[in-house]
Amino acid sequence: MFWDKWIPKKYLVKSTVCGLEVVFTDSGSRVFYSALKKEKNKLETVETGEVDSISSLPAKIKKDKLPLILNITGKGVIVKKTTYNSEQELNTTEFIQQNLPAINPDEFYIQILKQNNSTCFISVIRRAQLNDLVKEITQNKFEIADIIIGPAGVISITGIIAGYNYVHAGENRIELLNGAVETISGNNSDPNEQADIEVDGLKITPKQTLAFSAAFGYLTSQNIYVSGAKELIKYRSDHSEKIKIRLALYFFVIIAFTCCLINFLFFSAYFSSNNKLQSELDVYQGKYEQINELLTGYEKKKGLIEQTGLLENNSLSKYSDRIASTIPGEVVLTELNLNPQLIDMSGEDSLMNFVKNTIILRGNCHKSLIINEWVNVLKTQNFIKDVNLEKFAFSNEGNQPNFEIKIMTE
């Protein structure tokens, strides 16, 4: 994957793993297991023990989905020590044929476990024998993270047993020289006399040495072997790919969660701001409607006032005074209307209209001659354009005006 280089190596291994030493015997197999946990660069033994078969492993290993690192020893496993000149030489067909000329690569799995002193151990096992074991493991739904062939797998812990001259590893005696595995031979000593390995508070019993070394090599990301058998290498690579895919899923889930969180925060802020704005708009909407109502009323009243002529620059008040000065003594003036209202005879509901530059005079007088003379006097006024006697009655019933004069001004 293109993003592999971005993943720190410490995230490419699980923090808890189970190492197995599967010992093939004449009567079947024996399994020693050691579950290790790495936390803050400190190792802790979770569980150890031995069982008769893979199916008898503790249910906790399957429940916790601990990857298994196998170390295959016992009957059918051949180990040979030799030297090499370069890393490139190890995985060549010529190197295998030179050291194991009688071995057919098509029938055997071959691993080369290398050391820093230019020595290595060639481990061999029949394909059918290992395939049957792998089939049993997969049927029990365990995940294989790696497979190591032979007791030379103890190479992964040479750094922590460098102070020992020899250690016991199950049925094998491992002799050390200058911090490297010198020889591997059968363990003929009394099991009660075999000493435990103690390192930084960890106690490793001889029966658990190879199981511990398998788990330790995984947790410390050691690659102690090379092999031309793709079937062996694929377990390690497949396990690594699963972890990378899982990390990618976690990464995208975190990205999706972060996007949702950011979206939620923005939405909450927007929603709060929108609610506040909506509340203000509702308030302003009510005020806007009130203002519109006031403006509408103002426009109506303004039109009404304009129609009365009160806003125009005229002299109605002065005209009224001059008219009043001409009123005869026999006339009782009851009404003087300036710009009188025009009565709408259509019956429709509409605004009031007024007749501009018009004055209506109403009053009481029992002599028509006096009214006629007054009309003539009004006609002589220079501000009056026209005067008409609209109505005259000789009797005023109920003290109602008996005459009406209409004056048109300039």
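None of the values given here were measured: they were computed from a predicted structure. Each chain carries its own residue numbering, running from 1 in the direction its sequence is written. At least 70 in pLDDT is required for a residue's local features to be given in this predicted model, at least 80 for side-chain atom pairs to be given and counted, and no such filter applies to totals for whole chains, interfaces and linings, which use all residues. Water and hydrogen atoms were dropped before computing side-chain values, which therefore reflect all heavy atoms in the structure.

**With respect to the overall build of the protein**
Here is step 1: Runs of H or I in DSSP of at least four residues are treated as helices and runs of E of at least two as strands, each being numbered from the N terminus. Looking only at helices and strands, one finds eight helices and 20 strands in the protein.
Here is step 2: A total of 410 residues make up the protein; the buried ones form 38% of that total.
Here is step 3: Any two residues having at least one pair of non-hydrogen atoms within 4.5 Å are treated as being in contact. Long-range pairs, those at least 24 residues apart, make up 64% of the contacts in the protein with a sequence separation of at least 6. Each residue's exposure class comes from its accessible area (1.4 Å probe, protein chains only) as a fraction of the maximum for that residue type: buried when under 20%, exposed when over 50%, partly exposed otherwise.

**Some details on the sheet that holds strand 19 (residues 384-392)**
Here is step 1: Two strands make a pair as long as DSSP finds a minimum of two bridges between them. As summarised here, the arrangement of the four strands in space is 15-18-20-19, forming an open sheet in which the pairing is antiparallel. Two strands in the sheet have a free side with no partner beyond their single neighbour: strand 15 (332-338) and strand 19. The average angle at which neighbouring strand axes cross in this sheet is 20°, direction not considered.
Here is step 2: Alignment of strand 15 against strand 18 (residues 358-364), held across six bridges, turns out to be antiparallel. In the sheet register, Asn337 faces strand 18, and the bridge partner there is Ile360.
Here is step 3: To obtain each axis, a line is fitted to C-alpha atoms, and for helices this fit is confined to the stretch in contact; angles are then taken between N-to-C directions over 0 to 180 degrees. Set on the sheet, helix 7 (residues 316-324) makes contact with strand 15, strand 18 and strand 20 (403-409); between it and strand 18 the angle comes to about 30°.
Here is step 4: Running over the sheet, helix 8 (residues 368-379) touches strand 15, strand 18, strand 19 and strand 20 and is turned about 165° from strand 19.

**A short note on the confidence of the model for the protein**
Here is step 1: Mean pLDDT over the protein works out to 85, with 90% of the residues at or above the 70 mark.
Here is step 2: Values of pLDDT, the confidence the predictor places in each residue, fall between 0 and 100. The secondary structure element of the protein with the lowest average pLDDT is strand 16 (residues 341-342), at 68, and the one with the highest is strand 4 (residues 68-74), at 95.

**A short note on unusual backbone geometry**
Here is step 1: Phi at Lys141 is positive, roughly 60°, even though this residue is not glycine.
Here is step 2: Since its relative accessible area comes to 70%, Lys141 is described here as exposed.
Here is step 3: With a phi angle near 55°, Asn178 is a residue other than glycine that sits in the positive phi range.
Here is step 4: Residue position: Asn178 is located in the loop between strand 10 (172-177) and strand 11 (180-186).
Here is step 5: On the basis of relative accessible area, Asn178 is assigned to the exposed category, the value being 76%.

**Regarding the pattern of salt bridges**
Here is step 1: What makes a salt bridge here is a side-chain nitrogen of Lys or Arg within 4 Å of a carboxyl oxygen of Asp or Glu, nothing more. A complete count under the given rule lists 14 salt bridges for this structure.
Here is step 2: Lys75 is the salt-bridge partner of Asp26, the closest N and O atoms lying 2.8 Å from each other. Placement of the pair is Asp26 in the loop between strand 1 (16-25) and strand 2 (28-39) and Lys75 in the loop between strand 4 and strand 5 (78-83), with a sequence separation of 49 residues.
Here is step 3: A relative accessible area of 68% means that Asp26 is categorised as exposed.
Here is step 4: The closest approach of N and O atoms between Glu107 and Arg126, which form a salt bridge, is 3.6 Å. Residue Glu107 is located in the loop between helix 3 (93-99) and strand 6 (108-114), and its partner Arg126 is located in strand 7 (residues 119-126); the two are separated by 19 residues in the primary sequence.
Here is step 5: Residue classification places Glu107 among the partly exposed residues on the basis of a relative accessible area of 41%.
Here is step 6: Looking at Arg126, the relative accessible area reads 44%, which means it is partly exposed.

**Some thoughts on the sheet that holds strand 4**
Here is step 1: Spatially, the five strands line up as an open sheet ordered 3-2-1-4-8, and their pairing is mixed. Sheet topology places strand 3 (42-51) and strand 8 (144-149) at the edges, where each strand pairs with a single neighbour. Strand-to-strand twist across the sheet, computed as the mean angle between neighbouring axes with direction ignored, equals 20°.
Here is step 2: As defined by bridge partners, strand 1 adjoins strand 2 across ten bridges and the pair is classed as antiparallel. When the bridges of strand 2 are listed, Thr16 appears paired with Lys37.

**Section: the packing of aromatic side chains**
Here is step 1: Pairing of aromatic rings covers Phe, Tyr and Trp, the last counted by its six-membered ring, and requires centre-to-centre distances within 6.5 Å; plane angles under 30 degrees mean stacked, over 60 mean edge-to-face, and any other angle means tilted. Applying the stated criterion to the full structure yields three aromatic pairs.
Here is step 2: Plain terms: the ring middles of Phe212 and Phe216 are 5.9 Å apart, the flat faces sit at 20° to each other, and that makes the pair stacked. A residue pair is termed a helical-turn pair when its members lie 3 or 4 positions apart in one helix, as Phe212 and Phe216 do in helix 5 (residues 209-219) at four residues. For the pair Phe212 and Phe216, one class covers both residues: buried.
Here is step 3: Here the aromatic rings of Trp374 and Phe403 are separated by 6.2 Å at their centres, their planes lie at 85°, and the arrangement is edge-to-face. Placement of Trp374 in helix 8 and of Phe403 in strand 20 is noted, with a sequence separation of 29 residues between them. By the burial criterion, Trp374 is buried, and Phe403 matches it.
Here is step 4: Here the guanidinium or amino end of Lys62 rests over the ring plane of Phe142, the centre of that ring lying 5.3 Å away.
Here is step 5: It is Arg173 that lies over the ring of Tyr166; its NZ or CZ is 3.9 Å from the centre. Only lysine NZ and arginine CZ atoms are considered, and such an atom sits over a ring when it is within 6 Å of the ring centre and within 35 degrees of the ring normal.

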